[in-house]
Amino acid sequence: MTDSSPTVGDIWPNFLVIGAPKAGTTSLYHYLSQHPDVFLSRVRKEGRFFSRVGQGEVYWPEFYHFDTAPEISDYQALMADYSGQARVGDVSPDYYAYASLAAPRARELCGPDTRIIALLRNPVDRTYSHYLQNVRRDAEFLSFEKALEDQPRRIAENWGFQWLYAHTSTYPERLKIWQAHFPNMLVLLQDDLDADGPGTVAQIVDFLDLPPHPITVEARYNTGGIPAAKKMIIDGHFDDRIGEDFDRLHAELIAPVSGTTSAKTADGVYPPLDNTPVSIPPMASSMRARLQTQFEPSIREVEALLGRSLDFWRK
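Everything quoted here is computed from the prediction, not taken from an experiment.

Caption draft 1: A look at the overall build of the protein. Within the protein one finds 14 helices and five strands. Seen through its C-alpha atoms, the protein measures out along the principal axes to roughly 55 × 45 × 35 Å. The 315 residues of the protein split such that 55% are buried. If you take every contact in the protein between residues at least 6 apart in sequence, the share linking residues at least 24 apart comes to 80%. Counting only carbon and sulfur atoms, one obtains 52% of the accessible surface of the protein, whose full area is about 13700 Å². Side-chain charges in the protein split into 31 positive and 42 negative, and the spacing between the mean points of these groups amounts to 3 Å.

What follows is the structure in structure tokens.
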């Protein structure tokens, strides 16, 4: 399928929050939605249009419901409630993940003056949090170590970024692509949001050339953790099934119990999460050390891009 042509009256974003995944974008969506001069779709947090993930260019397991906007008409439907706000936004971490596709397309349709906001997180912690999110959502059956071992196969088979945990944590190349297409780009850290939520949100509001407005930032959204019942995955109970067809594995282990779902939420969380108590199991110290070494060159590049020390990512 191909896009229909833009028409007069189409509403396009003039700012994008591109990610990274599991770095605070869901919280930022809720915070910015409180500003009267900001429009963010209430249909769902993520537009998922500019990356083309809705056009079948990546493998996405059938059960894992992931609403996209493959056509311009689909994307414009997300803007149906727009009522004249000065800033129109789209918060979609897949735009970061697929920067080489999303950045030029966003520039073409939204214009070069579109403001870009990126949120980054310690890549070791982001990688693990991303993995735990999939375990919690019945979207991963391998231990953390085995899932990382399986990454080259998944990349070769063009799996979606949702299953490429460490690969999605390499920031410099993707940031450089966005910077090459848009002169107005703000790169912040989840650490900034954690340390001074009100100040960081105020900085973003100023970046968007909007007047100050009271915004409540205490709540955190889409936080991590897994229920106790998922511990067997963390412990490697299914590691001997590495490489098996994912949809068939899910059908065997999950579907007879929970079935599948097409439920929708504004956050774009599929399947929806329940209220089962969760905890964050500690990462093995050997794995943390290995990932720290793996990401060190990338961290140094990000330091150069931002002009600030990231030594706190090394502790």
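The discussion continues.
Caption draft 2: Helix H14 (residues 285–306), seen in detail. At glutamate 296, H14 is deflected by roughly 45°, the largest bend along its length, and proline proline 297 occurs up to four residues later in sequence. Residues of H14 that are buried include every one of Met287, Leu291, Gln292, Phe295, Glu296, Ser298, Ile299, Val302 and Glu303, and no others. Looking at the packing, one finds that the buried side of H14 touches strand S4 (115–120), helix H5 (123–136), helix H6 (144–149) and helix H8 (172–181).

Caption draft 3: Representation of empty space enclosed by the protein within the structure. Here the structure, examined in full by the defined rule, presents three cavities of 30 Å³ or more. For the largest cavity, the calculated volume is near 80 Å³. Leu142, Arg154, Glu244, Phe246 and Leu249 are the residues nearest the centre of the largest cavity, which is lined by 13 residues in total. Tallied by class, residues from the lining of the largest cavity come to six nonpolar, one polar and six charged. Its volume calculated, the second largest cavity comes out at about 50 Å³. When residues of the lining of the second largest cavity are assigned to their parent elements, the largest contribution, three residues, is made by strand S3 (residues 87–91). Its residues assigned to classes, the lining of the second largest cavity comprises five nonpolar, three polar and four charged.

Caption draft 4: Fine view of the sheet that holds S3. An order of S2-S3-S1-S4-S5 is seen for the five strands of this open sheet, with the pairing classed as parallel. The open sheet is flanked by strand S2 (38–40) and strand S5 (185–189), the only strands paired with a single partner. Across this sheet, the average inter-strand angle for adjacent strands is 25°, counted without regard to direction. Where S4 and S5 come together, five bridges link them in parallel fashion. Within S5, the residue paired with isoleucine 117 across the bridge is leucine 186.

Caption draft 5: Region of interest: the environment of tryptophan 178. Inspection of the secondary structure puts tryptophan 178 in helix H8. Residues tryptophan 178 and alanine 166 lie 12 residues apart in sequence; the distance between their C-alpha atoms is 20 Å. In this structure, tryptophan 178 is in contact with Leu16, Ile18, Tyr95, Tyr96, Ala99, Ala102, Ala103, Ala106, Ile116 and Met185, ignoring residues within four places of it in sequence.

Caption draft 6: The arrangement of the nonpolar core in detail. Counting residues in hydrophobic clusters, the biggest one holds 94 residues, and the most contacted among them are Ile18, Phe49, Phe50, Tyr75, Tyr95, Tyr131 and Trp178. The element that contributes the greatest number of residues to this core is helix H4 (residues 99–110), accounting for six residues. Apart from the residues within four sequence positions on either side, tyrosine 131 is in contact with Glu140, Leu142, Ser143, Phe144, Ala147, Tyr165, Ile233 and Ile234.

Caption draft 7: Molecular detail of the packing of aromatic side chains. Tallying each qualifying case throughout the model produces 24 aromatic pairs. Relative to phenylalanine 50, the ring of tryptophan 12 has its centre 6.2 Å away and its plane inclined at 45°; by these criteria the two rings are tilted. In this pair, tryptophan 12 sits in the segment before strand S1 (15–19) while phenylalanine 50 sits in the loop between S2 and helix H2 (72–77), placing the two residues 38 residues apart along the sequence. Summarising the burial analysis for this pair, tryptophan 12 and phenylalanine 50 share the class buried.

Caption draft 8: Representation of H5 in the model. Between its first and last C-alpha, H5 extends 20 Å over 14 residues, near the 20 Å set by a 1.5 Å rise per residue. Within H5, 13 of the 14 residues are buried, which leaves the element mostly enclosed by the surrounding structure. Two or three places before valine 124, at the opening of H5, asparagine 122 has a side-chain oxygen 2.9 Å from that residue's backbone nitrogen.

Caption draft 9: Quick look at the side chain of arginine 115. Residue placement: arginine 115 occurs in strand S4. Look at arginine 115 and you get buried, because its relative accessible area is 17%. Polar contacts involving the side chain of arginine 115 include one to the side chain of aspartate 209, which spans 3.0 Å. Not counting the four nearest positions on each side in its chain, arginine 115 is found in contact with Asn14, Phe15, Leu16, Arg87, Asn184, Phe207, Leu208 and Asp209.

So, how was this worked out
- Residues numbered from 1 in each chain as written.
- Predicted model: local features only at pLDDT ≥ 70, side-chain atom pairs only at ≥ 80, totals over all residues.
- Heavy atoms only, no water.
- Helix = DSSP H or I, 4+ residues; strand = E, 2+ residues; numbered from the N terminus.
- Buried < 20%, exposed > 50% of the residue type's maximum accessible area, 1.4 Å probe, protein only.
- Contact = heavy atoms within 4.5 Å.
- Areas by Shrake-Rupley, 256 points an atom, 1.4 Å probe, with all protein chains shown as cover.
- Lys, Arg positive; Asp, Glu negative; His and termini not counted.
- Charge placed at Lys NZ, Arg CZ, Asp CG, Glu CD.
- Bend = angle between axes of the 7 residues up to and from the residue.
- 1 Å grid on protein atoms, 1.4 Å probe; cavity = no way out; pocket = protein on both sides within 12 Å on 5 of 7 lines; lining within 4 Å.
- Points joined across faces, edges and corners; volume = space filled by probe spheres on them.
- Nonpolar A, V, L, I, M, F, W, Y, C, P; charged D, E, K, R; others polar.
- Pairing = 2+ DSSP bridges.
- Axes fitted to C-alpha atoms, helices over the stretch in contact; angles between N-to-C directions.
- Core = buried A, V, L, I, M, F, W, Y, C linked by side-chain atoms within 4.5 Å.
- Phe/Tyr/Trp six-rings, centres within 6.5 Å; stacked < 30°, edge-to-face > 60°.
- Expected span 1.5 Å × (residues − 1).
- Polar contact = N/O pair within 3.5 Å; in protein donor to acceptor, adjacent residues only side chain to side chain.

Function cannot be read off these values alone, since they describe shape.
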